[in-house]
Each structure stands twice: as C-alpha cells, then as structure tokens.
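What follows is the residue order along each chain.
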Amino acid sequence: MAEPGSGERAVSELRELVAAEQKRAQFTAQVHDFMEVCWDKCVDKPGSKLDHRTESCLASCVDRFIDTTLSVTQRFSQLLQKAGH
C-alpha cells in the first residue's frame, strides 16, 4: 500500500525535473544561437588557427553576451524582489 500523498510528491518531483530540463534545454539553445551570431560576426574564413582580430572579436562578443545576460538577470531579480514586497 502506498503512503498517502506519495503519488502527488512523485508527480511534483517529476514536474520539477521536467521544468529543470526545459530550462537547461533553453539555455543550451541560447548558447548555440549566441555562438552562431558571434561566429557569423567575427569569422570571415575558417582556418586551422584564429588570427588575432578574429580572436579579439570572439572574446568581445562573448564578453558582451555575458555582461548582457548578467544585467538582464539582475534586472529580473530586482523586479521579482519589488513584486514580492
């Protein structure tokens, strides 16, 4: 005989797992999109090595992506804190 509420807990845990996997998949898709944008912007002709200009462009593109992501995340966090108070 199952414990009362154990089915509900299992469903809740499964929903949390699915939500976490969806977030992970969204993040992975976002990273791939970002990589494609930076690649298209910075790489003129693929070769066996990246030249200095291409390396600098990719580094700047990544830095901008990280800065933007952190800024947006902080802003959402501030909005959530204001909404909770």
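What this report covers is the structure whose coordinates are included nearby. (Residues numbered from 1 in each chain as written. Predicted model: local features only at pLDDT ≥ 70, side-chain atom pairs only at ≥ 80, totals over all residues. Heavy atoms only, no water.)

### As for the overall build of the protein
Okay, so step 1: Per the secondary structure count, the protein includes two helices and zero strands.
Okay, so step 2: Relative to its length of 85 residues, the protein is extended, with a C-alpha radius of gyration of 21 Å against a globular reference of 12 Å.
Okay, so step 3: Surface summary for the protein: the accessible area is close to 7600 Å², and the carbon and sulfur share equals 58%. (Helix = DSSP H or I, 4+ residues; strand = E, 2+ residues; numbered from the N terminus. Rg over C-alpha atoms; globule rule 2.2 N^0.38 Å. Areas by Shrake-Rupley, 256 points an atom, 1.4 Å probe, with all protein chains shown as cover.)

### Overview of the packing of helix 1 (residues 6-42) against helix 2 (residues 52-84)
Okay, so step 1: The contact between helix 1 and helix 2 brings their axes to 9 Å, and the two run at 145°. Here helix 1 and helix 2 pass one another in a crossing that is right-handed. In this structure, helix 1 uses Q30, F34, C38, W39, K41 and C42 to contact helix 2, whose residues at the interface are R53, T54, C57, L58, C61, V62, R64 and F65.
Okay, so step 2: The class makeup of the residues in the contact of helix 1 with helix 2 is nine nonpolar, two polar and three charged. (Axes fitted to C-alpha atoms, helices over the stretch in contact; angles between N-to-C directions. Left-handed = near helix turned anticlockwise from the far one by under 90°. Contact = heavy atoms within 4.5 Å. Nonpolar A, V, L, I, M, F, W, Y, C, P; charged D, E, K, R; others polar.)

### Focus on the nonpolar core
Okay, so step 1: Membership of the largest hydrophobic core is limited to eight residues, which are F34, C38, C42, V43, C57, L58, C61 and F65.
Okay, so step 2: If you list the elements that add at least two residues to this core, you get helix 1 and helix 2.
Okay, so step 3: The element contributing the most residues to this core is helix 2, with four residues.
Okay, so step 4: F34 has contacts with C61, V62 and F65, leaving out every residue within four places of it along the chain. (Core = buried A, V, L, I, M, F, W, Y, C linked by side-chain atoms within 4.5 Å. Buried < 20%, exposed > 50% of the residue type's maximum accessible area, 1.4 Å probe, protein only.)

### What about helix 1?
Okay, so step 1: Spanning 37 residues, helix 1 covers 53 Å between terminal C-alpha atoms, matching the ideal 54 Å at 1.5 Å per step.
Okay, so step 2: Burial in helix 1 covers these residues: F34, C38 and C42.
Okay, so step 3: Here the buried face of helix 1 lies against helix 2. (Expected span 1.5 Å × (residues − 1).)

### Some points on the environment of K41
Okay, so step 1: Within the secondary structure, K41 sits in helix 1.
Okay, so step 2: Between the C-alpha atom of K41 and that of C57, which follows or precedes it by 16 residues, the distance is 8.1 Å.
Okay, so step 3: Those residues in contact with K41 that lie beyond four places of it in its chain are C57 and R64.

### Quick word on a nonpolar patch on the surface
Okay, so step 1: Together, L14, L17 and V18 make up an exposed nonpolar region whose accessible area comes to about 280 Å².
Okay, so step 2: Among the secondary structure elements, L17 is positioned in helix 1.
Okay, so step 3: By relative accessible area, which is 51% here, L17 ends up exposed. (Patch = residues over 30% accessible without salt bridge, like charges linked within 9 Å, V, L, I, M, F, W, Y side chains within 5 Å. Salt bridge = Lys/Arg side-chain N within 4 Å of Asp/Glu carboxyl O.)

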